[in-house]
Structures are given as C-alpha cells and as structure tokens.
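Structural characterization, general
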Amino acid sequence: MAVEIVQTTAMPPAIQQVLDREFKVHRLWEAADRDALVQQVAPNVRGMVTSGGVGASRKLIEALPKLEIISSFGVGYDSIDIDCAKQRGVTVTNTPDVLTDDVADTAMALLLAMMRRIPQGDQFVRQGRWPKDKFPLTDKLGGKKMGVLGLGRIGQAIARRAEPFNVEISYFGPRKKADIAWRYYDNLVAMAKDVDILMIACPGGKETEGLVNQAVIDALGPKGYVVNIARGSVVVEPALVKALVEGKLAGAGLDVFADEPNVPEALWKLDSVTLAPHVGSATHATRQAMGDLVLKNILAFFAGQPVLTRVV
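Residues numbered from 1 in each chain as written. Predicted model: local features only at pLDDT ≥ 70, side-chain atom pairs only at ≥ 80, totals over all residues. Heavy atoms only, no water.

Describing the packing of helix H5 (residues 100–116) against helix H7 (residues 153–162)
For the pair H5 and H7, interaxial distance at closest approach is 9 Å and the crossing angle is 50°. Judged by the angle between their axes, H5 and H7 are oblique. Considering how the two elements wind past one another, H5 and H7 form a crossing that is right-handed. Seen from H5, the contacting residues are Thr100, Asp101, Val103, Ala104, Asp105, Ala107 and Met108; seen from H7, they are Arg153, Ile154, Ala157, Ile158, Arg161 and Ala162. Of the residues contributing to the contact of H5 with H7, the split by class is 8 nonpolar, 1 polar and 4 charged. (Axes fitted to C-alpha atoms, helices over the stretch in contact; angles between N-to-C directions. Helix = DSSP H or I, 4+ residues; strand = E, 2+ residues; numbered from the N terminus. Parallel < 35°, antiparallel > 145°, perpendicular 65-115°, else oblique. Left-handed = near helix turned anticlockwise from the far one by under 90°. Contact = heavy atoms within 4.5 Å. Nonpolar A, V, L, I, M, F, W, Y, C, P; charged D, E, K, R; others polar.)

Some points on the sheet that holds strand E11 (residues 251–254)
The parallel open sheet is built from 7 strands, whose spatial order is E8-E7-E6-E9-E10-E11-E12. Unpaired on one side and paired on the other, strand E8 (183–185) and strand E12 (273–275) mark the two borders of the sheet. Geometrically, the sheet is characterised by an average inter-axis angle of 20° between neighbouring strands, direction not taken into account. When strand E6 (residues 145–149) meets strand E9 (residues 197–200), the two strands line up parallel, connected through 4 bridges. Paired with Leu149 across the two strands is Ile200, which belongs to E9. With respect to the sheet, H5 is in contact with E6, E9, strand E10 (225–228), E11 and E12, its orientation differing from that of E10 by roughly 150°. Sitting on the sheet, H7 is in contact with E6, strand E7 (168–172) and E9, with an inclination near 170° to E6. (Pairing = 2+ DSSP bridges.)

Describing the pairing of strand E1 (residues 4–7)
Burial along E1 is two-sided: the residues Glu4 and Val6 and Ile5 and Gln7 are all buried. Sheet topology note: the E1/strand E2 (residues 24–27) ladder contains 4 bridges and is parallel. What sits directly across from Gln7, in E2, is Arg27. Viewed along the sheet, the connection from E1 through helix H1 (residues 13–22) into E2 turns out right-handed. Sheet analysis places E1 next to strand E3 (residues 45–51), joined by 4 bridges and oriented parallel. Looking at the pairing, Ile5 lines up with Gly47 of E3. (Buried < 20%, exposed > 50% of the residue type's maximum accessible area, 1.4 Å probe, protein only. Right-handed = clockwise from strand over helix to strand, strands pointing away.)

Some words on the side chain of Ser281
With respect to the helices and strands, the residue Ser281 is situated in the loop between E12 and helix H11 (284–302). Ser281 sits in the buried class, given a relative accessible area of 10%. In terms of polar contacts, Ser281 uses its side chain to reach the side chain of Arg287, at 3.2 Å. Not counting residues within four places of it along the chain, the set of residues in contact with Ser281 comprises Leu99, Asp102, Val103, Thr286, Arg287 and Met290. (Polar contact = N/O pair within 3.5 Å; in protein donor to acceptor, adjacent residues only side chain to side chain.)

Here's the deal with the pairing of strand E4 (residues 69–73)
Judged by how many residues are buried, E4 sits mostly within the fold: 5 of 5 residues are covered. What you see with E4 is no split at all: Ile69, Ser71 and Phe73 on one side and Ile70 and Ser72 on the other are buried throughout. Judged from the 5 bridges that link them, E3 and E4 form a sheet pairing that is parallel. Along E4, the bridge assignment pairs Ser51 with Phe73. Sheet analysis places E4 next to strand E5 (residues 91–93), joined by 3 bridges and oriented parallel. Bridged to Ser71 within E5 is Thr93.

Overview of the nonpolar core
Leu19, Leu111, Met146, Val148 and Ile158 are the most contacted members of the largest nonpolar core, which has 48 residues in total. Counting residues per element, this core draws most heavily on H5, which supplies 8 residues. Look past the residues within four positions of Val148 in its chain and what remains in contact with it is Gly155, Ala159, Ile169, Ser170, Tyr171, Phe172, Met191, Met199 and Ala201. (Core = buried A, V, L, I, M, F, W, Y, C linked by side-chain atoms within 4.5 Å.)

Overview of the sheet that holds E3
Taken in spatial order, the 5 strands make up an open sheet running E2-E1-E3-E4-E5, and their pairing is parallel. The sheet is open, and its two edges are formed by E2 and E5, each paired on a single side. Sheet twist, expressed as the mean angle between neighbouring strand axes with direction ignored, is 20°. Against the sheet, H11 engages E1, E3, E4 and E5, with an angle of about 170° to E4.

Taken by themselves, the reported measurements are silent on function.
Dropping the structure here:
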C-alpha cells in the first residue's frame, strides 16, 4: 500500500506526476476545508511535501501524529516550525545549492535595473517618449561599495558576480569566515555607514527578523541602495518604504516583501524602486532541480536511506 502524504502546494508537473505515482497524495491546497481534510487523513499520513513559501505550522505538524518527514521545496525553512519538528522527531529537508546561481543572478539583475533604471528606460521607449525627451542620467555601479548581509552560499555567489563590476565587497554575519578575504563587520550599522549598497542575502526567521531597521536605513543614507532577495521579514518594511518615499534612500531592488503577495502601494510608482514578484529561483531548470531534490529526499527516506539535504 502506498505511503500517504499531505501536500500543501502545487509542484512542477513532472514532479507532481512522480508524487502521484509513488504516494497517496492528499492535496491540501485544493481542499475547500483544509482543516477537515487534515482531520480526515491524519491517522494515516506519514509524510509532507511543502514549500518555503507555505511552510508547515505547529498546528499542522501536531495534527499529524504519524508524520515522519517534511520535504520542502526551497532553501528557506523559516516558515516551518523547526522546534516542533525536532520535538516530534520529524525529519525536515530543503533544497539548497540548486537555486544559488539563479538567485544570485536575480540579485545582480535587480541591482543593475535599480541603479540604471532599466524598467523605466523600457517604458520610456515603449511610450514613444524617446524622440522628444531625454532619459535622465542614472547612477554608476562600478566603484561602489557593497555590504552583503549574510555570506552563505547565495551571498558569496552574489559577491563573486559583483566583483568584476569593480564593486568593493564587505560582509556582515554572525561570525567571520576563515577562508574569506573580504572585510568582515560584526556590526550591521557600522557596515551600512561604510557602504553604498546593502545586499540582503541572509536566511529568514526569528534570528534575522527586523535586522534591517531604522538605524541601518539611516546609516545607509540618501545615497544608499538596498537589494533584498532573502525574506521580507529581514527588513522593517514601513521604515524602508518611508525612507524611499521621502528620498532618504537612493533606491531599492526588492524580490521579497513582508506580506507577500501584497506589496505596499507607496512603492508602485517610485522610479527609485525595482520590484519583482519573488522570482529569485524561478527558472524552468532550477524549479525542476528543486523538485527533483524534494523527490529524492522523500523517496530516500521511505526507502530507509539517508536523506540528501537534512535540516533536522
């Protein structure tokens, strides 16, 4: 008899096909009454497939007494109640590495689009304004100083991409990395004072919630830029929006927000801001690779083999 799992969100079609073939899948995202479905299937469910965006709450984990594994689609796992999973002895896996390049590419695209006003230039041409108007001058990336908040896999990939643009790199994190030559700061405000660009690439969750606060934004100042491809929770969003509206920051490139998919309307018409709908890893190849890793983890677990990318 097939192992029963709950699935909280849709997966890429090829991945869904394998899940449906290998497991008895209970599709929570399609349920008219999620709680009723969970209650109905709870006695038999042993696995869960979810995503970093949807996660797994304590309520959901505790409602599944036989749950053994949560296989998550995404590198971030702040939306999964890890403490509850540990207490229950539930294995949690994610999908690191396979999305690093795409997220780093997106970060650089946002950075260049923001500073050189690429979206605005596109609209300037499409609206037929070029023959009669001149597009305003923009800022130069080369020679700028960029401070990376969170120098993990993705942070390092972004920094390596930025260096050929003649960008000076520094970083802030919980500890200095022994094998990294870039300047390390143990104080985020101090780094923000010294750089032109704050690149946010750290994990989400309680430890980083609100880390980019009013003091950090003030330290960046009216010539400073923010790029966030991490989590919206890392930034005190009202303070960021206010600074951008009042011209107390030069600009922002944002792929993530505090209350996705809801984006503050005050940002919509600001030429200093480039917005993206949380698409850092959203390419066909990478989403397939992420899905493959979700499958490999949950299939290995129920085959009695070690999972590939264990969180807990």
